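Chain residues, written in single-letter form:
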Amino acid sequence: LKNEEDADYIQEIQSVPVALRINKYDELKIVYGDETAFFFDMADHFHSIGKTEKAVSILLNAAEISNGNFAVLKAMGHYFEKWKMWDKAIEIFTDLAQMTQGIQYYRDLAWCFYQAGKYQEAVNTFYSAILLDAQDPAFKATILSEMNAVIVGHKEQLDLKFIPSNLIKPLP
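Description of the structure in this document. (Residues numbered from 1 in each chain as written. Predicted model: local features only at pLDDT ≥ 70, side-chain atom pairs only at ≥ 80, totals over all residues. Heavy atoms only, no water.)

**Let's talk about the packing of aromatic side chains**
Tallying each qualifying case throughout the model produces 13 aromatic pairs. Pairing tyrosine 25 with phenylalanine 46 gives two aromatic rings, centres 6.0 Å apart and planes at 85°, and the pair type is edge-to-face. Here tyrosine 25, found in helix H2 (residues 21-32), pairs with phenylalanine 46, found in helix H3 (residues 36-48); they are 21 residues apart in sequence, far enough to count as distant. Aromatic pair tyrosine 114 and tyrosine 119: ring centres 5.3 Å apart, planes at 55°, arrangement tilted. Of the residues examined, tyrosine 114 reaches a relative accessible area of 29% and is grouped as partly exposed. The exposure class of tyrosine 119 is partly exposed, given its relative accessible area of 21%. Grouped by ring-pair contacts, the aromatic residues Tyr9, Tyr25, Tyr32, Phe38, Phe39 and Phe46 constitute a single cluster. (Phe/Tyr/Trp six-rings, centres within 6.5 Å; stacked < 30°, edge-to-face > 60°. Helix = DSSP H or I, 4+ residues; strand = E, 2+ residues; numbered from the N terminus. Buried < 20%, exposed > 50% of the residue type's maximum accessible area, 1.4 Å probe, protein only.)

Structure below.
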């Protein structure tokens, strides 16, 4: 992806002084405002130049124009992770997990908790994912391994009484 040419609107916004970029964004939004990729690219751009509040606002526009599409919300969660905005990422993945009961969203949420240093919540969430009725046993096994990796790294800080002991395994 790094070798791909930037979209025209990225080149356009980068061609104006930083002080004028919000105005330029407003102009570009008239043309590209029906494309979710535009909002993700613009949010990433504004975040990269230190305009974090504007980046968050733009990212929220992507959710609005997609009518809350789950794939768009998931992508937003990953952007917040990338920007180390753990609370916002956790909020999105919590909502997705609760709305869909999708095992992938629980996994994403567990890793957000982990990255935020909330190891107990990460283990709790991994375990919740394991309990879901998922169609892919191999994916469940992956989540079990990930949960055990967190446990191995932070066992002394964790309450594991609620997890059956046969699920807690040392890693090779």
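This is not the end of the story, as more comes after the structure.
**Here's the deal with the environment of lysine 155**
Structurally, the position occupied by lysine 155 is in the segment after helix H9 (137-154). Each C-alpha atom of the pair lysine 155 and phenylalanine 80 lies 28 Å from the other, and the pair is 75 residues apart in sequence.

**What to know about the side chain of glutamate 146**
Along the chain, glutamate 146 turns up in helix H9. The contacts of glutamate 146, once residues within four sequence positions are left out, are Arg107, Trp111 and Phe126. (Contact = heavy atoms within 4.5 Å.)

**A short note on helix H4 (residues 52-65)**
Residues spaced three or four apart along an α-helix face the same direction, because each turn holds 3.6 residues. Helix length check: H4 (14 residues) gives 20 Å between terminal C-alpha atoms against 20 Å at 1.5 Å per residue, within 8%. Among the residues of H4, Ala55, Val56, Ile58, Leu59, Asn61, Ala62 and Ala63 are the ones counted as buried. Considering only its buried residues, H4 is in contact with H2, H3, helix H5 (70-82) and helix H6 (86-100). Of the residues trailing H4, asparagine 67 is marked for its positive phi of about 55°. (Expected span 1.5 Å × (residues − 1).)

**A look at H3**
End to end, H3 covers 19 Å across 13 residues, agreeing with the expected 18 Å (1.5 Å per residue, within 8%). Within the sequence span of H3, burial applies to Phe38, Phe39, Phe40, Met42, Ala43, His45 and Phe46. Buried positions along H3 lie against helix H1 (8-14), H2, H4 and H5.

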